[in-house]
Structure formats: structure tokens, C-alpha cells
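Structural description and commentary
Chain residues, written in single-letter form:
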Amino acid sequence: MCGVLRTYSSLLVRHSHFLSPVLDAGRQNSAENCLLWRSVHRQETTLARVRLRPSIDGATCRRPTLRSRPDTKPPETSRKAFQYVTDQERKFFLPPVRSEDDFKVLFARVAAAGVGRPVDKDGCPQGPWTPDLLAAAISEIEANREGIDLRTVQLWFEANDKGISANNIRWLSRVLGCNDPEAASAWQAELSASQSRLTAKRRQSRRGATREMTASGDEKHEAPASEAPKAGDAARGFGLARGTEGLFSRGSLLNLPATIFAGAVILQLVSYFLSIHDITYLREDGVAKQVGLLWAPNWTVLFILLLPLFLGIIAEQVTAWKNGNRGRLLSAIGDRNRDGEWADKVETFSHTYWVVFLVCIGFAGVFQWVSVRLLPLLNGGGNYAIDWGSTALASKDPTEILQQAAFTGFAYLYMSICFYLLIAGLILLVSLVDDFVQIRTAITDHQNDPIPDGDAIGSRILKGIARCTIGGLLIATCMKLQTLYLATSAPNILEWLVSDARALLPRSVDPVQWDNVSSPTNYTSLLVVILVCGVYLYGKVRISTSGCVGNSTVRTTLIIVFQVAVYLLLGSIPGFSLLLVASVVVAVHALVDPDFGFRRKPAQGEGYVL
């Protein structure tokens, strides 16, 4: 066996020059196959780890190519695997270019180019980014578990000063970099730099605006003294107009009515403790007349029900105009900078507020209390009817005189404040009408087409003024009704009204007797009627002549005329109590629906607030 092996080895050595070319070729083919396999394996691993992207040469999209030896051709199986990954995940990629653009400019250019969007079979992006598509792409990132709000993405697309947070820069860079770590890092650096430039530009613009405001303020201070100041600047330090407007428009709508209601309840409780809530006195003709505070409609129904309702309607009108309707009209002409003109409009009536305040507190409050209550209680006399505040004149009790003097002083102070608020509310309605007409005129000059919102808002203002007018007429009716009752010989106010209704029957009872007494309340109630009707006519004329076409106000005007007629006829004709009942029923319905169910059908494209 050993001999055979030695013989075979010697033959191989002897004929090796014939076998060497074959062995060399085998070794060369083996090395080349190994090298090709390693190259393909390395490329397939890279494709599986990173999303392939086509390289960009200028504006030309080219398909990615395998980096391998020129004389090496990958096997068919490797070519098929590369084509599958490319078709499924290739996206349009652009490397970030360093520039001095801020985030808004850079993002607008990138979104319009569609960087990071999937490409079609020709290698071109499938359109630009939209807020919905970009928000969906960011939310689909695996690491972004919270996603992103669509409104945040929309702010990037809008022309504003809003930038982008550092966290959102991270997600946006991954989308633009096609989830490639190196590309995402480059985009993140460029986006961060652009955001810094946007922040610096925004800070610089704010500083410039501050300098302009300071310069304009200096110019105002350096203006000559001969220049006339704006209306209301003299009283701006006191702020009576602005403070009164704040009572109606700040906080809850129930704040002011609830305060008036609470004051009225306190008056009733104090009258109960002083035993003047239900009191009768014996007249000279032997009639026991009821003059208690709880039986007086001008101190119970008026301050507990009607006046809080009246002030609540005005508060609702002022708040709706100031916080909502005014801005809607200004948006129609794109002039939101005029929001501060409402405060200036209120300030223009500053002197009027002061005059009303001094008249209500000084005359209707202090002077009337001294002349009608205090002096008759201290000195006796006076041609005034006996009521809950002057029954001590009949008893001549010094303690009772002091109690009634102090209580009537508190009651008249409360009454004067309430009537200041009533008249101030009417002034606010006038300011509201003037402001509406001014803005309405500006809208008409700005565009020829009518705005449905303008008609709807004007109709709503007129309805609010009509409700206030009806409520004011009811207040005046209560005041006059109590004054007339005190001048009659009826034992109480209910029997007086019932006996007046019976006067129309064939077998009527004897009519009541009238005393010749003086009462300033008659003039006060007439003043209330004149004021509320004047404000209604002013608002109706001004809004109608401004071009506002709303619901017809004929029925509302007829109701107001009927109420004024009933007020004037109180105590003048037999059976006025029946007219009074009808007036109250109609007024209550008008407070709920001033149009009495009438609705004008709006034209196509119009809208009204009913």
C-alpha cells in the first residue's frame, strides 16, 4: 500500500504542468464568486436596514444603483430583492441646503416640493404636502406614540409668526429625511437653525413695534397745548362712564339685577321690623286706609320684579354687542383694530353720566327726601298724602318720627341709585345704537353687497330696546298707580281697582273721593315715560335710516302706543282698571315676543336672529 502511494505521488509531480491551469481557474472562479456574494450580501443588508432613496442630480430623479465592481453583475435573485424593497419604500429625498431662510420660508419650499413624499414609478413625488398628509405621516412614526395635532401642522402652513417646537422638529426631520438617520440629522440641524432665525426676526419686529409706540407716545406728549383733547379725557380719571358700563357688561348678567333685588328685599325686611310693612291710618272721613310698604306697587313690584328685569335686558344687550356682535360686523371689513372704539364711545357721554348722577342723587334723592319726608316729619304740615313714611304725623310719637326719618332716608338713597342705573342704561342703549350705525355705514362704504349679519344684529338691537321701553312703561305705571291711590278715599288699592271696574256696570257703587294733595312722583313717572319712549324712537329711526332691513316693528310700536295711552288714562276715566289689566297682559307677552309671532321670511342667502 505504501509503495502504491509513493508511485501515485511521483506521477502527480511528474505531470503537474498539465494540471496547474485547471487548478488555477478553479481557484480564481471560487474567489470571484466569494467576492460577489459578499458584495450582494452587504448591499441587501444595507437595503433592509435603511429606506432606499433616489439620489437627486439637479432636478432629475434617478433610480438608486448598486455600488459594486464594474465587472460584477449581481445574481437574478439579488436583483429581484432590491427591486421589491425599492418599489415599496422609496421616497422623494432632497438634502438640506444651507441658507438664511427662516422656518416659514424653508417649510413652504419643502412642503411645495413634496420632500419625503412617496414617488411614482418614474421617481417623481406624488404632489406637495398638505396639513392632513403631513400630520398623518408624523403620527405614523413608531417612536411618536402621542402623534401630533392637526391644528399644529396647519399653523406651519399659515402665514403667521408661529414657529415649531424642538420635539416637532425631530419628527419633521425624520419625515423629510425619509427615516434615514444621517439625512434626518441633517434636516434637524437645518430646521433648528431656521427656527432660530424666525425667533430672532420675531423678536426684532416686536422691538421695532415697541419703539414706534414709544415714539408716538413721545410725539403726543410733545404736542402743543393748543391741541384740543379727545372727548371724555377730562373725566377719564374719575371713570364714572366706564364704571357704569362695567356694571352692565362685566361678570355675570345677573350681578346687577340680583343686587337691585337684594336691596329691595332688605327694605321689605326692615319695614317689617319697624312695623310699617302693613299699617293703616284713620282718615278724617272715617275710612281706615292701608298704606303699608308691602301694599305699595312702586316699592314692591317695581324694585323686586320690573327694575331687575329692565336692567337685565340692558345688560344682555350691551354684553352681546360688546363681546360678540360688534366683532362680527368688524370682521366683515377686516378692521379688528377698532375694538377699542367702544370704550371711547362710552366716554363721549361722560358728562351726561355725571349730570344724571348729580340729578338723581342730589335732587331725586337728597332734596326730595328733605322736602317731602324730613321737614314734614320734624315740623309738620305739607300738602302731601299720608303713606308708610309719614304715618308718624298722625301719631306724633317722637321715636316713631326718628325711625321713619332714618328709614325713608335709606329708602330714598336706594331709590335714587336705582333711577340713576335706569337712566344710565338708556344712555348705554343710545351709545350702542350710535356705534352700530357707525359700523354699519363703514360696511356699506366698504362693500356694496348687504350683509345678513348686519340686518340680524340691527333687528336684535331694536327688539332689546323695545323690551326695555315696555318694561320702563310698566315701571312708570306702577309709580303713577300708587300716587293716585294715596289721593283716593279707597281703603286699599285692590278695592279701588275693583270699584273702578264696577263703575261700568248699570248698578255701580258710589265713586271714590279724590283728595287735593301734591305728589312729585307724578312728574317722576312722566319723566320715565318720556325717556324710554325717546330712546325707542331714536333707535328705531337711526337703525332704519342706516339701511338695516329687519323684521317689521309696527306691532311693537302699536303696543308701546297702547301702553302710553293707558298710562295717561289712569284715574281719568271710569273703567281704566280694565285697560290696565289688558295693558299688563299685552306687555308681558311683548316682553317674551315683541313681534307677537310675526316673522318676515328671509330671502335666499339671508339670515336673521329671531
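Refer to the structure above for everything that follows.
This report concerns the structure included in the present document. (Residues numbered from 1 in each chain as written. Predicted model: local features only at pLDDT ≥ 70, side-chain atom pairs only at ≥ 80, totals over all residues. Heavy atoms only, no water.)

1. Description of the packing of helix H17 (residues 493-502) against helix H20 (residues 576-592)
Defined as follows: Axis angles are defined between N-to-C directions and span 0 to 180 degrees, where every axis is a line fitted to C-alpha atoms and, for a helix, only to the segment in contact. Secondary structure is summarised from DSSP: a helix means a run of H or I of at least four residues, a strand means a run of E of at least two, and numbering begins at the N terminus for each. Geometric relationships in this document are graded by angle, where less than 35 degrees denotes roughly parallel, more than 145 denotes roughly antiparallel, 65 to 115 denotes roughly perpendicular, and other angles denote oblique. Whether two residues are in contact is decided by their heavy atoms: any pair within 4.5 Å suffices. In this count, Pro and Cys sit with the nonpolar residues alongside Ala, Val, Leu, Ile, Met, Phe, Trp and Tyr, while Asp, Glu, Lys and Arg are called charged and the others, Gly among them, polar.
Where H17 meets H20, the closest approach of the two axes is 7 Å, and the angle between their N-to-C directions is 110°. The orientation of H17 relative to H20 falls into the category roughly perpendicular. Facing Trp496, Leu497, Asp500 and Ala501 of H17, the residues of H20 in contact are Phe576, Ser577, Leu578 and Leu580. Grouping the constituent residues of the contact of H17 with H20 by class yields six nonpolar, one polar and one charged.

2. Topic: the nonpolar core
Soluble globular proteins tend to pack their nonpolar side chains together in the buried interior. Short version of the rule: Here the nonpolar core consists of buried residues drawn from Ala, Val, Leu, Ile, Met, Phe, Trp, Tyr and Cys, with membership extended through side-chain atoms lying within 4.5 Å. Only protein chains enter the calculation, and the probe is 1.4 Å; a residue is then buried if its accessible area is under 20% of its type maximum, exposed if over 50%, and partly exposed in between.
Counting residues in hydrophobic clusters, the biggest one holds 81 residues, and the most contacted among them are Trp299, Phe303, Leu307, Phe310, Trp321, Tyr353 and Ile461. Here this core takes 23 residues from helix H15 (residues 398-446), the largest share from any one element. Other than its neighbours up to four places away in sequence, Phe303 contacts Ile260, Phe261, Ala264, Asn298, Pro308, Tyr414, Met415, Cys418 and Phe419. By size, the runner-up hydrophobic cluster in this structure holds 29 residues, among which are Trp129, Ala135, Ile148 and Ile164.

3. Observations concerning H17
What counts here: Picture the helix axis, draw a direction to every C-beta atom, and the arc is the one those directions span. Contacts described as polar in this section are N or O atom pairs within 3.5 Å, which, within protein, must combine one atom able to donate a hydrogen with one able to accept it, while residues neighboring in sequence count only if both atoms come from side chains.
Along H17, the positions that sit buried rather than exposed are Ile493, Trp496, Leu497, Ser499 and Asp500. Axial view of H17: buried residues confined to an arc of 165°, hence all on one face. Where H17 begins, one side-chain oxygen reaches toward the backbone nitrogen of Leu494, 3.2 Å away; that side chain belongs to Asn492.

4. Overview of the environment of Val105
With respect to the helices and strands, the residue Val105 is situated in helix H4 (residues 103-113). Val105 gets classed as partly exposed once you look at its relative accessible area, which sits at 40%. Considered as a pair, Val105 and Ser194 are 89 residues apart in the sequence and their alpha carbons are 8.7 Å apart.

5. Some words on the packing of aromatic side chains
Note the following rule: Each Phe, Tyr or Trp ring, with Trp reduced to its six-membered ring, pairs with another whose centre is within 6.5 Å; inter-plane angles below 30 degrees give stacked pairs, above 60 give edge-to-face pairs, and intermediate values give tilted ones. Sitting over a ring, as applied to charges here, requires NZ of Lys or CZ of Arg to be within 6 Å of the ring centre and within 35 degrees of the ring normal.
For the structure on display, the rule yields 18 aromatic pairs. For the pair Phe303 and Tyr414, a centre-to-centre distance of 5.3 Å together with 55° between the ring planes defines the contact as tilted. One end of the pair, Phe303, is in helix H11 (residues 301-332); the other, Tyr414, is in helix H15, with 111 residues separating them in the sequence. The burial state of Phe303 is the same as that of Tyr414; both residues are buried. Relative to Trp496, the ring of Tyr485 has its centre 6.4 Å away and its plane inclined at 45°; by these criteria the two rings are tilted. With Tyr485 in helix H16 (residues 452-486) and Trp496 in helix H17, this residue pair connects regions lying eleven residues apart in the sequence. In terms of burial, Tyr485 and Trp496 fall into one category: buried. Ring pairing ties together the aromatic residues Trp299, Phe303, Trp388, Phe407, Tyr412, Tyr414 and Phe419, which thus form one cluster. When the ring centre of Trp129 is taken as reference, the NZ or CZ atom of Arg117 above it lies at 5.4 Å. Across from the ring centre of Trp388, 5.4 Å away, lies the NZ or CZ of Arg373, which sits over that ring.

These results come straight from atomic positions and should not be treated as a statement about function.
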